[in-house]
Amino acid sequence: MLPRAARLRRSEDFREVMRRGARAGRRRLVVHAVQSTDPSAGTPRAGFVVSKAVGNSVVRHRVTRRLRHLVMQRLGTVPPGSSLVVRALPPAATASSAELGADLDAALKRLSLLPGRPSDGPATPRPDTAADMRGHAGE
């Protein structure tokens, strides 16, 4: 279990990270992240989104437990004040913990949240305003 201070719990927090944050997608998961500019910021926080598209309740909880364990191991290397939302995709249901870990590491490196070289370019920028989002709706 993640410590209380390291969990995203409010829907507003999830919404802010997913709207404002950078995004790095992999085959089995997508990581959204917002880095704090305050050097004295608190511990990094993480939240998980595992929809019904991933599977039934048993499968979703298994995926969530695996992701929680993997993120907990990596939170010490993430910059203080960062907020992460890890969203599982349907292929996560049949993935091993090693495969999920590899996808998580690749996404965190791409977002420059783990030491190492980004694997395939910069993270996808997120639009800042609703007007920017409307401009991308027809693409």
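Up top is the structure.
Residues numbered from 1 in each chain as written. Predicted model: local features only at pLDDT ≥ 70, side-chain atom pairs only at ≥ 80, totals over all residues. Heavy atoms only, no water.

1. Quick notes on the overall build of the protein
What the protein contains, in helices and strands, is 4 helices and 4 strands. Taken from N to C terminus, the helices and strands of the protein fall in the order α-β-β-β-α-β-α-α. When the accessible surface of the protein is totalled, it reaches about 8000 Å², and 53% of it is carbon and sulfur. (Helix = DSSP H or I, 4+ residues; strand = E, 2+ residues; numbered from the N terminus. Areas by Shrake-Rupley, 256 points an atom, 1.4 Å probe, with all protein chains shown as cover.)

2. Section: the sheet that holds strand β1 (residues 22–25)
Through backbone hydrogen bonds, the strands of a sheet pair up, either in parallel or in antiparallel fashion. A sheet is described by the order of its strands in space; here 4 strands give the open sequence β1-β2-β4-β3, paired in mixed fashion. Only two strands of the sheet have a single neighbouring strand rather than two, namely β1 and β3 (45–49). Neighbouring strand axes in the sheet, compared pairwise and without regard to direction, differ in orientation by 20° on average. Of the pairings in the sheet, the one linking β3 to strand β4 (residues 83–88) comprises 5 bridges and is parallel in character. Across the sheet, the residue bridging to V49 is R87, located in β4. Sitting on the sheet, helix α2 (residues 57–74) touches β2 (29–34), β3 and β4, and the angle it makes with β3 is about 160°. (Pairing = 2+ DSSP bridges. Axes fitted to C-alpha atoms, helices over the stretch in contact; angles between N-to-C directions. Contact = heavy atoms within 4.5 Å.)

3. Describing the pairing of β1
Sheet analysis places β1 next to β2, joined by 4 bridges and oriented antiparallel. Bridge pairing in β2 links A24 to V31. Hairpin connection of β1 to β2: 3 residues between the antiparallel strands.

4. Focus: the nonpolar core
Within the largest apolar cluster, 30 residues are counted, with the highest numbers of intra-cluster contacts made by L29, V31, V63, L67, V86 and L104. Of all the elements in the fold, those that place two or more residues in this core are β2, β3, α2, β4 and α3 (97–110). Here this core gets 5 residues from one element, more than from any other, and that element is α2. Excluding residues within four positions of it along the chain, L29 makes contact with A24, L67, V86, R87, A88, L89, L100, D103, L104 and A107. Counting residues in each nonpolar core, the second largest holds 5 residues, with F14, V17, V34 and V85 among its members. (Core = buried A, V, L, I, M, F, W, Y, C linked by side-chain atoms within 4.5 Å. Buried < 20%, exposed > 50% of the residue type's maximum accessible area, 1.4 Å probe, protein only.)

5. With respect to unusual backbone geometry
One non-glycine residue, S112, adopts positive backbone phi at about 60°. Within the fold, S112 resides in the loop between α3 and α4 (130–135).

6. Observations concerning the pattern of salt bridges
Throughout the structure, instances matching the rule amount to 7 salt bridges. Where D105 meets R74, a salt bridge forms, and the shortest distance between an N and an O atom there is 2.4 Å. Note that D105 is positioned in helix α3 and R74 in helix α2, a separation of 31 residues in sequence. Its relative accessible area of 13% is what places R74 among the buried residues. (Salt bridge = Lys/Arg side-chain N within 4 Å of Asp/Glu carboxyl O.)

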